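Below, each chain spelled out in residue letters.
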Amino acid sequence: VILLCFRRYLLTALISCLFWNSFGFSAAMNSKPNILLFLADDLGIGDIGCYGNNTIRTPNIDRLAREGVKLTQHIAAAPLCTPSRAAFLTGRYPIRSGMASSNGYRALQWNAGSGGLPANETTFARLLQQQGYTTGLIGKWHQGVNCESFNDHCHHPLNHGFDYFYGMPFTLLNKCQENKPPDLDVALQAKLWLYSQIITLAVLTLTAGKLTGLISIRWKIIACFTLVGGLFFISWYSSYGFVQYWNCILMRNHDVTEQPMRLGRTASLMLKEAVSFIKRNRHGPFLLFVSFLHVHTPLFTTAKFLGKSQHGLYGDNVEEMDWMVGKILDSLDKEGLKNRTFTYFASDHGGHLEAQDGSAQLGGWNGIYKGGKGMGGWEGGIRVPGVFRWPGVLPAGMVIDEPTSLMDIYPTVVHLAGGMLPQDRVIDGRNLVPLLQGRAQKSEHEFLFHYCGSYLHAVRWHQKDSGAIWKAHYVTPVFHPPGAGACYGKGICPCFGEGVTHHDPPLLFDLSRDPSEAKPLSADTEPHFDTVIRKIGRAIEEHRRTLTPVPEQLSLYNIVWKPWLQPCCGTFPFCWCDREGDSTQIL
């Protein structure tokens, strides 16, 4: 009997060991983990310590990397906020949901626009909600608010699977801070001002001519000119003249709490809300998506961090964000949730090279990678940090060089929550759990398609048998000035028109040998050139066959300001309030 019991014990132990080695699931995996997602705004891959920066201090993000897994080839699905975040939330290329633009407006421009993430798109928050998770979003949304009325909330986070939302439905703009130059439609605003001045001058000239008798004209005509000019001025100034009130607002669920927002306390409010959400839901499971307003311009930074970094205001802002990450991680520790929480940190796209104030650089650094924010093909616009931590389940200090995507978060967290992916649509992301645990050595991605708006600029082919990572550029932006590496003076590089160059044959690089994309290959220098180009060409054809026409959410009609859609804490147009008071303090 003793021998039989001993054999049974050995068999049980052996099965347990095999289960651990095969699946890497600890006791933490027996229950659904909490999921904590950090997403920075406009952060360059070269801005944090664990990716090589030794002058900006990011000890808390670096700690995540030491205690978990770091990805070195983590790719955003788009080089701008709105489409990249749509892909992150849905696991699908933005062109599939209509969140890719064919015009010059590649991101939502107003809270009162009618475009946004369609209601028929299923976010990972929705699927986790169905699995019993309490879901929360703290911070930036930038996926639209309303469709037909000021309170239909068709694009709102609460209509996309989040139980709780506190933050900014839009994105930070320079006008959110006093005495900052405009950054929304700057060229268009200049033209509108010019036209208004011309109309005013014409009215004054006609009036003076009438009064002096030099011009024979009826007063009714002058009155008509005055009325038209006034209506013209009101039609555009009512939007662009009050950007701070229309776009720079904070909401709690459906209610506007600050209009305009007070940037001096925004970081405190966001941090307080994140910590409070964790405490309220400590018995779990919960999904908390912390979508930072950092490090987007105007880089408002609290006094505690001003002047503390070696990289001016931008470095100060990065260090403040890292401190906030640390405070939120501390709250996990305080509640005893560290080992029961799957944590992720990334940026929505590369750093903004053109963000400058005179000689001061206000955008991020993308390391050795060419290009930046807005550039759909070059690595600097789409290669971002990617760090995961789950003690006891994911190995500590592991580095993965395989191609991965922000879209992979979707199937990964759905898998961890025990959910099923939608079967009625294409999901472009891949479950990262086997790769993160070391059970798989290769990424499931063979091809990744790099869009600029709705225009395909480049394609990446992961040739798994050889280890090569080929990348073909069909369209590249024209840098200004030539050779500068960015489009200085334009704000951001365009996707089409005279501001781009089309390549036939495409520019080809092997990123495994040339990650900086410095030396394009040719048929003379690369024996496999023609084979690679043909293979990628066939992949493009297959990819395009999976696309179906959908309404364009970033059409000119959808992005224009519509006063009847404006979120307002009062009676429009008297929209100003402060429901937060002075009850917050830095935690």
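These figures come from a predicted structure and were not determined experimentally.

Charged atoms that come close allow side chains of opposite charge to pair. Going through the model one piece at a time under the given rule, you end up with 21 salt bridges. D348 serves as the salt-bridge partner of R85, at 3.1 Å between the closest nitrogen and oxygen. Residue R85 is found in helix α3 (residues 81–90), and its partner D348 is found in the loop between β8 (341–347) and β9 (356–357); the two are separated by 263 residues along the sequence. As far as the burial class goes, R85 and D348 line up, both buried. Connected via shared salt-bridge partners are E379, R383, R460, K471 and E517.

Moving on: the state of the cysteines. All told, the structure shown has six disulfides when counted by the stated rule. Here C176 pairs with C248 through a disulfide, and the sulfurs are 2.0 Å apart. Disulfide C176 to C248: torsion about the S-S bond roughly -80°, handedness left-handed. A residue pair is termed long-range when its members are at least 10 positions apart, and C176 in the loop between β4 (164–168) and α6 (186–212) and C248 in the loop between α8 (243–246) and β5 (250–252) qualify at 72 residues. Of the two residues, C176 and C248, neither departs from the other in class, the shared state being buried.

Here we come to the packing of aromatic side chains. Overall, the coordinates contain 22 aromatic pairs when judged by the stated rule. For the ring pair W141 and F162, a centre distance of 6.3 Å and an interplane angle of 85° mean the geometry is edge-to-face. With a gap of 21 residues between them, W141 in the loop between β3 (134–140) and β4 and F162 in the loop between β3 and β4 connect regions that are remote in the sequence. With respect to class, W141 is no different from F162; both count as buried. By the ring-pair criterion, three or more aromatic residues cluster together here, those being F88, F124, F289, F342, Y344, F388 and W390. Residue placement shows K70 over the ring face of Y51; its charged tip is 5.0 Å from the ring centre.

Quick look at helix α7 (residues 219–240) now. For α7, built from 22 residues, the straight-helix expectation of 32 Å at 1.5 Å per residue is met to within 8% by its first-to-last C-alpha distance of 31 Å. Those residues of α7 that sit buried are I222, G229, W236, S239 and Y240. Against the buried residues of α7 lie α6 and α8.

This brings us to the UniProt feature "transmembrane region" (unreviewed entry) in the protein chain. In this structure's numbering, the residues bearing the UniProt feature "transmembrane region" (unreviewed entry) are residues 192–209 and 221–243. Helix and strand shares over residues 221–243 are 91% and 0% respectively, and the end C-alpha atoms of the span are 33 Å apart.

With that settled, consider the side chain of Q109. The topology assignment puts Q109 in the loop between α4 (94–97) and α5 (124–130). Judged by relative accessible area, which is 12%, Q109 ranks as buried. A polar side-chain atom of Q109 sits 2.8 Å from the main-chain carbonyl oxygen of A107. When sequence neighbours within four positions are dropped, the list of residues in contact with Q109 reads F170, L184, D185, N247 and I559.

Criteria and thresholds
Residues numbered from 1 in each chain as written. Predicted model: local features only at pLDDT ≥ 70, side-chain atom pairs only at ≥ 80, totals over all residues. Heavy atoms only, no water. Salt bridge = Lys/Arg side-chain N within 4 Å of Asp/Glu carboxyl O. Helix = DSSP H or I, 4+ residues; strand = E, 2+ residues; numbered from the N terminus. Buried < 20%, exposed > 50% of the residue type's maximum accessible area, 1.4 Å probe, protein only. Disulfide = S-S within 2.5 Å. Phe/Tyr/Trp six-rings, centres within 6.5 Å; stacked < 30°, edge-to-face > 60°. Lys NZ or Arg CZ within 6 Å of the ring centre and 35° of its normal. Expected span 1.5 Å × (residues − 1). Contact = heavy atoms within 4.5 Å. UniProt positions renumbered as here; feature names shortened; annotations may be inferred. Polar contact = N/O pair within 3.5 Å; in protein donor to acceptor, adjacent residues only side chain to side chain.

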